[in-house]
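Examination of the molecular architecture
Here is what each chain is made of, one letter per residue.
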Amino acid sequence: TTLGAMVTMDVHGRDVLTSMVAAGVDKLNDFNWISQLRYYYDPVRSTDISIKMISAEVKYGFEYLGNSFRLVVTSLTDRCYRTLMGALQLNLGGAPEGPAGTGKTE
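Keep in mind that this is a model prediction, so the values were computed, not measured. (Residues numbered from 1 in each chain as written. Predicted model: local features only at pLDDT ≥ 70, side-chain atom pairs only at ≥ 80, totals over all residues. Heavy atoms only, no water.)

Here we look at the pattern of salt bridges
In the structure shown here, the tally under the stated rule is 4 salt bridges. One salt bridge connects Asp26 with Lys27, and the closest N-O pair in it is separated by 3.7 Å. Both residues of the pair, Asp26 and Lys27, count as exposed. (Salt bridge = Lys/Arg side-chain N within 4 Å of Asp/Glu carboxyl O. Buried < 20%, exposed > 50% of the residue type's maximum accessible area, 1.4 Å probe, protein only.)

Structure (structure tokens):
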């Protein structure tokens, strides 16, 4: 439920932060940083919120699907996010497939 989803996302955030500290990430263009899903709001430039990951940038669409339980968030989930963000940047889509419980629905 809501608490489970919050714990899952917080644990993932902690793991990502720990790995970035261990890797010595200290520059804005470090791949370990730019490969994370980031939200930006710059009211001077635009009233829109943008989502960035690597070189892809997409306007945030405010779609809310509820706060459902998340089974897992793994490095494979992050890889899917990177691939799908790149596809969206190219006006394409994606259809993740694979074994159950590997993060496709996240």
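Moving on, there is more to tell.
What to know about the sheet that holds strand β1 (residues 38–41)
Ordered by their spatial adjacency, 3 strands build an open sheet running β1-β2-β3, and the pairing between neighbours is antiparallel. Because the sheet does not close on itself, it has two edges, and the strands there are β1 and β3 (56–59). On average, each strand axis in the sheet is inclined to that of its neighbour by 30 degrees, with strand direction left out of account. As judged from the 4 bridges shared by strand β2 (residues 49–53) and β3, these two strands associate in the antiparallel manner. Within the sheet, the bridge partner assigned to Lys52 lies in β3 and is Glu57. Taken strand by strand, helix α3 (residues 75–89) contacts β2 and β3, and its axis lies near 70 degrees from that of β3. (Pairing = 2+ DSSP bridges. Helix = DSSP H or I, 4+ residues; strand = E, 2+ residues; numbered from the N terminus. Axes fitted to C-alpha atoms, helices over the stretch in contact; angles between N-to-C directions. Contact = heavy atoms within 4.5 Å.)

Focus: the environment of Tyr39
Along the polypeptide, Tyr39 turns up in strand β1. Sequence-wise, Tyr39 and Ile51 are 12 residues apart; in three dimensions their C-alpha atoms are separated by 4.6 Å.

A short note on helix α1 (residues 2–23)
For α1, spanning 22 residues, the distance from its first C-alpha to its last is 32 Å, which sits close to the expected 32 Å at 1.5 Å a residue. All of the buried residues in α1 are Gly4, Ala5, Thr8, His12, Val16 and Met20. Considered in projection along α1, the buried side chains sweep an arc of 140 degrees and stay on one side of the axis. Away from the buried face of α1 by more than 90 degrees, exposed residues Leu3, Asp10, Leu17, Val21 and Ala22 are located. Of the surrounding elements, those touching the buried residues of α1 are α2 (31–34) and α3. Following α1 by one or two positions, Gly24 has its phi on the positive side, about 75 degrees. (Expected span 1.5 Å × (residues − 1). Arc of directions from axis to C-beta.)

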